[in-house]
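Breakdown of the fold
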Number of protein chains: 2
Amino acid sequence: MDVRNDLEQFRTYLRQHNLPVTQQRLAIANVVFASDRHLSVEEVAADVAAQGENAGTATIYRTLDLLVKSGLVVERDFGEGFRRFEPTRGIPHHEHMLCTVCGRVDEFRDERLERMTTLIAESHGYSRQRHRLVIYGVCADCQRSGGPGR
Amino acid sequence: MDVRNDLEQFRTYLRQHNLPVTQQRLAIANVVFASDRHLSVEEVAADVAAQGENAGTATIYRTLDLLVKSGLVVERDFGEGFRRFEPTRGIPHHEHMLCTVCGRVDEFRDERLERMTTLIAESHGYSRQRHRLVIYGVCADCQRSGGPGR
DNA sequence: CTCATTGCAAAGGATTTGCACTAAT
DNA sequence: ATTAGTGCAAATCCTTTGCAATGAG
């Protein structure tokens, strides 16, 4: 199972860096790895609590930092005023589409974008590092019903 | 002159909405219109003060909201943790490139992106509203010198 | 045992808001 | 005169940090 594997990789990362494998770190990593969504810190906290585990906010932030550093999780910023976190799962770079009505997030991949952004950067004398694209729109469900979940 | 014209349009907007044309509103609008950069709230405040005018932080935020609502100014989010504001000046939608070393911002336009994002959105059942693309990289100057301004 | 982690609460930065005072129409 | 705007400080939201208590190796 994927979650199990990710968790094992996290344990390995911690050991290799001489960092204690604590209950909290495992609980938090577990929640993020188990999710197929882009979780906010608040959502991570709620999920951890729902599993009967305990973890203070500070610990959640600190552990998410570790997960990002380990490369097992990516940080996202959809311009909502807070960050979201997504398990990497060896999936290559991809873009996001956000429903401005219900907040739903879809992902897509387009290789042209990598090439385009590299070329555009170069034509301006920049050496490209990365890019960030978010498409904002209204998802099929919300178009049909005129509102979130209704 | 452009600034003069923008300012006139702002006055018109205020009158049409029965909003008082105050000294502060004009000073703030003037600063944003006069700039060819993407100003942060802090920078707007500094520029207003530099012009010998007075305006509290709250007023700056409130006036920037008005400017955005009027369509004369656009809000930008480059993932820095705060917002920036750019005069519209009738310039069509464009993208941004950010130097991760010195913070320099360049602009570019690519019509393909409009089409691409619309098609991608549709293929996922979304009706596209807008998109946001930022390319992060190192500008020519910083590549040459290995640091900002040195 | 020793040292890093944890949790809580205080601190921080950006932005908003309540309210008495002031200015625009 | 009215009515809305302004400034200040308090309040909020997300995130970070200091420090005593706690747990991993």
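For the structure given in this document, a descriptive report is provided here.

Rules behind the numbers
Residues numbered from 1 in each chain as written. Chains lettered and ligands numbered in written order. Predicted model: local features only at pLDDT ≥ 70, side-chain atom pairs only at ≥ 80, totals over all residues. Heavy atoms only, no water. Helix = DSSP H or I, 4+ residues; strand = E, 2+ residues; numbered from the N terminus. Contact = heavy atoms within 4.5 Å. Lys, Arg positive; Asp, Glu negative; His and termini not counted. Charge placed at Lys NZ, Arg CZ, Asp CG, Glu CD. Axes fitted to C-alpha atoms, helices over the stretch in contact; angles between N-to-C directions. Parallel < 35°, antiparallel > 145°, perpendicular 65-115°, else oblique. Left-handed = near helix turned anticlockwise from the far one by under 90°. Nonpolar A, V, L, I, M, F, W, Y, C, P; charged D, E, K, R; others polar. Salt bridge = Lys/Arg side-chain N within 4 Å of Asp/Glu carboxyl O. Buried < 20%, exposed > 50% of the residue type's maximum accessible area, 1.4 Å probe, protein only. Pairing = 2+ DSSP bridges. Buried area = accessible area lost by both parts, 1.4 Å probe. Polar contact = N/O pair within 3.5 Å; in protein donor to acceptor, adjacent residues only side chain to side chain. Expected span 1.5 Å × (residues − 1). Arc of directions from axis to C-beta.

**Overview of the overall build of chain A**
When its secondary structure is counted, chain A shows six helices and six strands. Listing the helices and strands of chain A from first to last along the sequence gives α-α-β-α-α-β-β-β-β-α-β-α. Overall, chain A is about 45 × 45 × 30 Å in size when its C-alpha atoms are taken along their principal axes. Pairs at least 24 apart in sequence give 51% of the contacts found in chain A among residues at least 6 apart. Each charge sign in chain A was given a centre, from 20 positive and 21 negative side chains, and these centres are 2 Å apart.

**Description of the packing of helix α2 (residues 23–34) of chain A against helix α4 (residues 57–70) of chain A**
The geometry of a pair of packed helices is captured by two quantities: the angle between their axes and the separation between those axes. Residue and element names in this part refer to chain A. Packing of α2 against α4 leaves a shortest axis separation of 10 Å and a crossing angle of 65°. Regarding the angle of α2 to α4, the classification is roughly perpendicular. Relative to α4, the crossing made by α2 is right-handed. Together, Q24, R25, I28, A29, V32 and F33 of α2 and T59, I60, T63, L64, L66 and L67 of α4 make up the contact between the two elements. Tallied by class, residues from the contact of α2 with α4 come to eight nonpolar, three polar and one charged.

**Here we look at the pattern of salt bridges**
Enumeration according to the criterion identifies 22 salt bridges over all chains in this entry. Two residues, A:R37 and A:E43, come together in a salt bridge whose shortest N-O distance is 3.4 Å. When its relative accessible area of 23% is taken as the criterion, A:E43 is described as partly exposed. Across the salt bridge formed by B:E43 and B:R84, the nearest N and O atoms sit 3.2 Å from each other. Of the two residues, B:E43 sits in helix α3 (residues 41–50) while B:R84 sits in strand β3 (residues 84–87), which places them 41 residues apart along the sequence. Using a relative accessible area of 13% as the deciding quantity, one classes B:R84 as buried. Because the salt bridges share partners, they merge into one network encompassing A:R37, A:E43, A:E80 and A:R84.

**A word on the sheet that holds strand β1 (residues 39–40) of chain B**
Residues and elements named next belong to chain B. Taken in spatial order, the three strands make up an open sheet running β1-β3-β2, and their pairing is antiparallel. At either end of the open sheet lies a strand with only one pairing partner, and these are β1 and β2 (73–76). Note: β2 against β3, four bridges, orientation antiparallel. Note that in β3 the partner of E75 across the bridge is F85.

**Quick word on the interface of chain B and chain A**
With 37 residues of chain B at the interface, the matching set in chain A holds 37 residues. Here chain B packs against chain A, burying approximately 3,100 Å² in sum over the two surfaces, 59% of which is carbon and sulfur. It is B:Y126, B:R132 and B:Y136 in chain B that bury the most area against chain A; as a group they hold 25% of the surface buried on that side. Between chain B and chain A we count zero salt bridges in total. At the surface where chain B touches chain A, the tally comes to 18 residue pairs in polar contact (both at pLDDT 80 or more). Where the side of chain B that touches chain A is concerned, the elements lending two or more residues are β4 (95–99), β5 (105–108), α5 (111–123), β6 (127–138) and α6 (140–145) of chain B. In terms of residue count, the dominant contributor to the side of chain B that touches chain A is β6(B) (twelve residues).

**Remarks on helix α4 (residues 57–70) of chain B**
Residues and elements named next belong to chain B. The end-to-end C-alpha distance of α4, which contains 14 residues, comes to 20 Å, matching closely the 20 Å that a straight helix rising 1.5 Å per residue would cover. Looking only at α4, the buried set comprises I60, T63, L64, L66, L67 and S70. The buried side chains of α4 occupy one side of the element, clustering within an arc of 160° when seen end-on. Facing away from the buried side of α4 by more than 90 degrees, the exposed set consists of T57, R62 and K69.

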